[in-house]
Amino acid sequence: MLSSIGVALRKAMSSSAYKRSLIAVCQLTSDNDIKGNFETCKEMIERASERKCKMVFFPECFDFIGRDKDEQITLAMDENGDYIERYRALARQHGLWLSLGGMHHKDMTDPLKPWNTHLIIDCEGNTRAEYKKLHLFDLEIPGKVRLLESEFSKAGTKMVHPVDTPIGRLGLSICYDLRFAELSLWNRNKGAQVLSFPSAFTLNTGLAHWEYYIVVTIHLEYSHTLNIIVSLFISTFKKVFFLTLLRTRAIETQSQTGKHNEKRISYGHAMVVDPWGAVIAQCSERIGMCFAEIDLQYVDELRAMQPVFSHRRHDLYTLHVNECDLDDSVLMFSEFPIASECIFYRSALSFAFVNLKPVLNGHVLISPKRPALRLTDLTDAETADLFIVAKKVQKMLEKVHGATSSTICVQDGPAAGQTVKHVHIHILVRRSGDFGPTPDNLYSDLAAHDRNPEICPRTHEEMSTEAYIYREAIRNM
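Remember, it's a predicted structure, so these values are computed and weren't measured experimentally.

J.: Before we go on, may I ask you to explain the layout of surface pockets in this structure?
T.: Regions of empty space are outlined by a rolling probe, equal in size to a water molecule, passed over the atoms. One number sums up the size of the largest pocket: a volume of about 1,100 Å³. Looking at the largest pocket, it is lined by 28 residues, and the ones nearest its centre are Lys 158, Cys 324, Leu 326, Tyr 345 and Arg 475. Mapped onto the lining of the largest pocket, the elements with two or more residues apiece are strand 5 (127-132), strand 19 (343-346), helix 9 (380-401) and helix 11 (460-475). When residues in the lining of the largest pocket are grouped by element, the largest group, 4 residues, is from strand 19. Across the lining of the largest pocket, the residue classes break down as 11 nonpolar, 5 polar and 12 charged.

This is the structure we're talking about:
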């Protein structure tokens, strides 16, 4: 049935002309010759420009693949250095966007552990997105392969929102991230139309698992939602990876392929797969490129016909992501505006802020961003986020104040002492004897505290100073 629907839809769409975006997907066999790798990439960018592509996708380790762990570390480079500037200059010269797979991104504060970073550079040479690989690939098969990415790279710590590009809203991942469906589902929830998986999978892993895994993953998790691009190193793996990915969304895959050195061989066959699972472009097993048109209209049509996400049972399960919000706007706590200087942490759905009239030193509030009167008015996602943020804030407060105990409570409704019509959590760092011999005296004091005219509100400067301390403490956790 699904096959016949797909045929019917393709026929319907072929009858009218839609605006399409041409992309180039590149396949490399990088080694430790950084200059030589760049010259190969430069030629590919020039070819893509001649074909009037809007965006070029390079694989993980497009910059180099070292011969050993030490070379992987010593050759790592800064995003703002001369090497990446050459790519920025090419983007400006040819007026196209670049997806620079995974670069060995040196952390100047910890140079012995670079990140594996996926950069998106626009046609003016500016960085539009920077994603640090979240899942490190550690594989050891005795007598066959030993590749422990964690020995020469460190994992990212933040979710990165999809970025708007000339070919659509692009979700960023790198290689092994593909195996973790939550990341792709989160990107889809955030509006991604295209997923990219620049990769350099090992030959043994690719031969054993890749094609089957990708196809099944695409059909079960991502069907009819996205385009997928996978850039790989030249190898058999690349082909399989792209096939599977593309069968779930519109996918672009850039890959590494072939033999990089005596210790490293990648599995190639970079490809582009449409939302129905059809491979619309694919590289051979050599260094090379393939070209494809990304048709977002087709994605929209399939989503309308197969609204998979609207069929999800949010009453039975949910996807929670610890997502930090870097916005600095004023937020409302019921009818009270909370200045950004007084907010020390923001997640996707909640925010934590210092108290105007704290009962104790180390008494803060956490509230959902959406105004809601009662705890029971929150969605499951909001509830999960609220209490996960509360745990993070509690841990930070106890560290800052040198405490080992806290009270976490919700005054849910007027009879429970709620005075502000916006559900919120109180977190109070506790110390021995802070409310006399009975710790539970806190609750009677808390109920009367806000109404006590003898307790003066703190100044904005006092609250901002405290919030700054907590903001920095969370950032350094």
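From this point on, the discussion continues.
J.: Can you help me understand the sheet that holds strand 4 (residues 115-121) in this one?
T.: Note: strands within a sheet are paired through backbone hydrogen bonds, in either parallel or antiparallel orientation. As summarised here, the arrangement of the 6 strands in space is 5-4-3-2-1-16, forming an open sheet in which the pairing is mixed. The open sheet is flanked by strand 5 and strand 16 (288-294), the only strands paired with a single partner. Put simply, the sheet's adjacent strands are angled 20° from each other on average, direction ignored. Pairing analysis gives 3 bridges linking strand 1 (residues 21-27) to strand 2 (residues 55-60), with the strands arranged parallel. Counted as the bridge partner of Ala 24 is Val 56 from strand 2. Helix 4 (residues 82-94) contacts strand 3 (97-105), strand 4 and strand 5 of the sheet and is inclined by roughly 175° relative to strand 3.

J.: Got a minute to help me understand the pattern of salt bridges in this structure?
T.: Close approach of charged atoms lets side chains of opposite charge pair. Here the structure, examined in full by the defined rule, presents 20 salt bridges. Linking Asp 122 and Arg 128 is a salt bridge whose minimum nitrogen-to-oxygen distance equals 2.8 Å. Judged by its relative accessible area of 2%, Asp 122 falls in the buried class. Look at the salt bridges and you will find they share partners, linking Arg 20, Glu 293 and Asp 295 into a network.

J.: Help me out: how do you make sense of the UniProt feature "site: Important for induction of apoptosis" (unreviewed entry) in the protein chain in this one?
T.: In this structure's numbering, the residues bearing the UniProt feature "site: Important for induction of apoptosis" (unreviewed entry) are Tyr 443. Residue placement: Tyr 443 occurs in helix 10 (residues 441-449).

J.: I keep staring at the nonpolar core and nothing clicks. Help me out?
T.: Soluble globular proteins: nonpolar side chains tend toward being buried together. Judged by nonpolar contacts, the single largest core of 33 residues is most densely connected at Phe 344, Ile 366, Val 393, Met 396, Leu 397 and Ile 427. Of all elements in the fold, only strand 17 (331-333), strand 19, strand 20 (350-354), strand 21 (363-368), helix 9, strand 23 (425-430) and helix 11 reach the threshold of two or more residues within this core. In terms of residue count, the dominant contributor to this core is helix 9 (6 residues). In this view, Met 396 contacts Phe 344, Tyr 470, Ala 473, Ile 474 and Met 477; residues no more than four positions away in its chain are not counted.

J.: What exactly am I supposed to notice about the pairing of strand 1 here?
T.: Across a regular strand the side chains alternate sides, sitting on one face of the sheet and then on the other. Most of strand 1 sits inside the fold, with 7 of its 7 residues counted as buried. Judged by which residues are buried, strand 1 turns out to be covered on both faces: Ser 21, Ile 23, Val 25 and Gln 27 on one side and Leu 22, Ala 24 and Cys 26 on the other are all buried. Note that strand 1 and strand 16 share 7 bridges and pair antiparallel. Looking at the pairing, Val 25 lines up with Cys 290 of strand 16. Taking the sense of rotation as the criterion, the β-α-β connection linking strand 1, helix 2 (residues 34-50) and strand 2 turns out right-handed.

J.: Quick question: what am I supposed to make of the packing of helix 2 against helix 4 here?
T.: Relative placement of two packed helices is described by the angle separating their axes and the distance separating the axes. Between helix 2 and helix 4, the least distance of the axes is 11 Å, while the angle of their chain directions is 15°. The angle between helix 2 and helix 4 falls in the class roughly parallel. Judged by the sense of rotation from one axis to the other, the crossing of helix 2 with helix 4 is right-handed. Residues Ile 34, Asn 37, Phe 38, Cys 41, Lys 42, Ile 45, Glu 46 and Ser 49 of helix 2 form the contact with helix 4, whose participating residues are Tyr 83, Arg 86, Tyr 87, Leu 90 and His 94. Broken down by class, the residue content of the contact of helix 2 with helix 4 amounts to 7 nonpolar, 3 polar and 3 charged.

J.: In this structure, what is going on with the packing of aromatic side chains? I would like to understand it.
T.: Pairs of aromatic rings are described using the distance from one ring centre to the other and the angle between the two planes. Inspection of every chain in the model, using the stated rule, returns 10 aromatic pairs. Geometrically, the ring pair formed by Phe 137 and Tyr 176 is edge-to-face, given 5.1 Å between the ring centres and 70° between the ring planes. Residue Phe 137 is found in the loop between strand 5 and strand 6 (138-141), and its partner Tyr 176 is found in the loop between strand 9 (168-172) and helix 5 (181-189); the two are separated by 39 residues along the sequence. With a centroid separation of 5.3 Å and an interplanar angle of 70°, the aromatic rings of Phe 344 and Tyr 470 are classed as edge-to-face. One end of the pair, Phe 344, is in strand 19; the other, Tyr 470, is in helix 11, with 126 residues separating them in the sequence. The class for Tyr 470 is buried, based on a relative accessible area of 2%. The ring of Trp 115 has Lys 132 sitting right over it, with the charged end atom 4.5 Å from the ring centre. Against the face of Trp 115 rests Lys 154, its NZ or CZ located 4.6 Å from the ring centre.

J.: Looking at this model, I keep getting lost on the environment of Arg 51. Mind explaining?
T.: Its place among the elements puts Arg 51 in the loop between helix 2 and strand 2. A residue is classified by how much of its surface remains accessible, and Arg 51, at 46% relative accessible area, is partly exposed. A C-alpha to C-alpha distance of 9.1 Å links Arg 51 and Ile 23, two positions 28 residues apart in sequence. Beyond its immediate stretch of four places on either side in the chain, Arg 51 contacts Leu 22 and Phe 291.

J.: Mind showing me how you'd approach helix 8 (residues 296-305) here?
T.: Of all the positions in helix 8, only Tyr 298, Val 299, Leu 302 and Arg 303 are classed as buried. Down the axis of helix 8, the buried side of the element spans an arc of 135°, and every buried residue falls inside it. In this structure Asp 295 caps helix 8, since a side-chain oxygen of it lies 3.1 Å from the backbone nitrogen of Gln 297.

J.: It is not clear to me how empty space enclosed by the protein should be interpreted in this structure. Could you clarify?
T.: In the structure shown here, the tally under the stated rule is 2 cavities of 30 Å³ or more. Quantified by volume, the second largest cavity comes out at close to 30 Å³. For the lining of the second largest cavity, the residue count by class is 3 nonpolar, 2 polar and 3 charged.

Definitions and cut-offs
Residues numbered from 1 in each chain as written. Predicted model: local features only at pLDDT ≥ 70, side-chain atom pairs only at ≥ 80, totals over all residues. Heavy atoms only, no water. 1 Å grid on protein atoms, 1.4 Å probe; cavity = no way out; pocket = protein on both sides within 12 Å on 5 of 7 lines; lining within 4 Å. Points joined across faces, edges and corners; volume = space filled by probe spheres on them. Helix = DSSP H or I, 4+ residues; strand = E, 2+ residues; numbered from the N terminus. Nonpolar A, V, L, I, M, F, W, Y, C, P; charged D, E, K, R; others polar. Pairing = 2+ DSSP bridges. Axes fitted to C-alpha atoms, helices over the stretch in contact; angles between N-to-C directions. Contact = heavy atoms within 4.5 Å. Salt bridge = Lys/Arg side-chain N within 4 Å of Asp/Glu carboxyl O. Buried < 20%, exposed > 50% of the residue type's maximum accessible area, 1.4 Å probe, protein only. UniProt positions renumbered as here; feature names shortened; annotations may be inferred. Core = buried A, V, L, I, M, F, W, Y, C linked by side-chain atoms within 4.5 Å. Right-handed = clockwise from strand over helix to strand, strands pointing away. Parallel < 35°, antiparallel > 145°, perpendicular 65-115°, else oblique. Left-handed = near helix turned anticlockwise from the far one by under 90°. Phe/Tyr/Trp six-rings, centres within 6.5 Å; stacked < 30°, edge-to-face > 60°. Lys NZ or Arg CZ within 6 Å of the ring centre and 35° of its normal. Arc of directions from axis to C-beta. Polar contact = N/O pair within 3.5 Å; in protein donor to acceptor, adjacent residues only side chain to side chain.

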